[in-house]
Amino acid sequence: MASAIEAPAEVWVLGREHPAPLPKATAVLAAALRKTYGPRFAVWRTDELLFGVRDGRLVLQTFAGQDIPPPRVVLVRQTPGTMTQHRELTLLRQLEHMGAIVVNSAASQERCGNKVWQLQELAAAGLPVPDSLSYATAPLVGVVRSPEVPEPCVVKAINGRNGAHVFLAPDKELLRALAGSLAQDVPLILQEYIAPSHGRDLRVFVVDGEPVAAQIRTSHDGSLAANLARGGSAELCLGRYPEAEALAVRAAAALGLSIAGVDLLFTADGGHTLCEVNAVPGWRPRMTTVLPAVTAFVDRLLTGTSTGAGTGADRSADTPGRKGSSGTTDATTSAVP
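Below: a short report on this structure. (Residues numbered from 1 in each chain as written. Predicted model: local features only at pLDDT ≥ 70, side-chain atom pairs only at ≥ 80, totals over all residues. Heavy atoms only, no water.)

Points about the overall build of the chain
Regarding its fold elements, the chain presents 8 helices and 15 strands. Taking all 337 residues of the chain together, the buried fraction comes to 50%. (Helix = DSSP H or I, 4+ residues; strand = E, 2+ residues; numbered from the N terminus. Buried < 20%, exposed > 50% of the residue type's maximum accessible area, 1.4 Å probe, protein only.)

Structural data, given as structure tokens:
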């Protein structure tokens, strides 16, 4: 019978496989959680865990064969666009079925990994989004000839991130000329161009149903995307756009996210429309309100004072005693790898 880790942690940060470094915001979050919870906290990478079924029970294991009791809370810090259904998402589902509260849940991570799925959920919830067109198996050279293609047109990959794979096609002629040379490993979105928001957007951070930070992002060279990862600048603005912040909270709820970075565009009427929602948002050091909000949320999850929407917490109620892989009841988890 496999031995179990003797001092398991109850709070995890789950990061991407090696050798990918932990992003700066994730490293800062991990340091804060380690300071608060000490040995009750651990950082694990997705390539350090084995999982499956033994004698009818779900198990987690190290490569050395030790059983790892499930943690109470897992903060996922790998962006959905880099996850796959048969790998990382399957691990998240295993953790959920073993009783862990996963932030954000496997289902919400999967939704956010596809920009069309996001649009579907947001529109179905009655929230404002730009007019958009996509496709399943149709050839792109045929799609761009549809009369429904907006003009000008923002072109983006359904799984793009950090502002990459996004460009503005000023007219259909250019789009048709480029269609044969565009990457077609995943479908594209052909989206309405929101001119008043060219080169700028509004990012609102939502934690447990509350807007905790906001910033206006501006591109450095007049380009379409205002993403900071591509050299843009930012101005803190929490409280300046209360209607946009309320819209961001509703968007996070529609996608089942407890922690979210919601990107909004400025519209001609002085309002906002949703651009996209990030399930694993990063933040800059100047955004001093984000880290305390996240750590306080973790504490509420541990004490049972948060509903944990978007965490997969609904599975915990179906896991009597949260029996871990060692067969013990109410097992907390961890070992810092």
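Text resumes after the structure shown.
Concerning the pattern of salt bridges
The full count for this structure, using the stated rule, is 10 salt bridges. For Glu10, the salt bridge identified is with Arg40, shortest N-O distance 2.2 Å. Of this pair, Glu10 sits in the segment before strand E1 (11-15) while Arg40 is found in the loop between helix H1 (24-37) and strand E2 (41-45), placing the two residues 30 residues apart along the sequence. For Glu10, a relative accessible area of 6% puts it in the buried group. With a shortest N-O distance of 2.8 Å, Asp201 and Arg217 are connected by a salt bridge. Of this pair, Asp201 sits in strand E11 (residues 200-207) while Arg217 sits in strand E12 (residues 210-218), and the two are 16 residues apart along the sequence. (Salt bridge = Lys/Arg side-chain N within 4 Å of Asp/Glu carboxyl O.)

Some words on the side chain of Thr46
Here Thr46 lies in the loop between E2 and strand E3 (50-54). For Thr46, the side chain forms a polar contact with the main-chain nitrogen of Glu17, separated by 3.3 Å. Beyond its immediate stretch of four places on either side in the chain, Thr46 contacts Leu14, Gly15, Arg16, Glu17, Gln78, Glu88 and Leu91. (Polar contact = N/O pair within 3.5 Å; in protein donor to acceptor, adjacent residues only side chain to side chain. Contact = heavy atoms within 4.5 Å.)

Some remarks on the nonpolar core
Within the largest apolar cluster, 27 residues are counted, with the highest numbers of intra-cluster contacts made by Leu33, Phe41, Leu75 and Val103. If you look at the next biggest cluster of nonpolar residues, it comprises 24 residues, including Cys112, Cys237, Ala248 and Ala279. (Core = buried A, V, L, I, M, F, W, Y, C linked by side-chain atoms within 4.5 Å.)

Things to note about the sheet that holds strand E9 (residues 166-169)
Spatially, the 4 strands line up as an open sheet ordered E7-E10-E8-E9, and their pairing is antiparallel. Of all the strands in the sheet, just strand E7 (132-133) and E9 have a single pairing partner and so form its edges. Taken together, the 2 bridges between E7 and strand E10 (residues 188-192) define a ladder with antiparallel strand orientation. By the bridge assignment for E10, Leu133 is matched with Leu190. Sitting on the sheet, helix H4 (residues 115-124) is in contact with E7, strand E8 (153-157) and E10, with an inclination near 45° to E10. (Pairing = 2+ DSSP bridges. Axes fitted to C-alpha atoms, helices over the stretch in contact; angles between N-to-C directions.)

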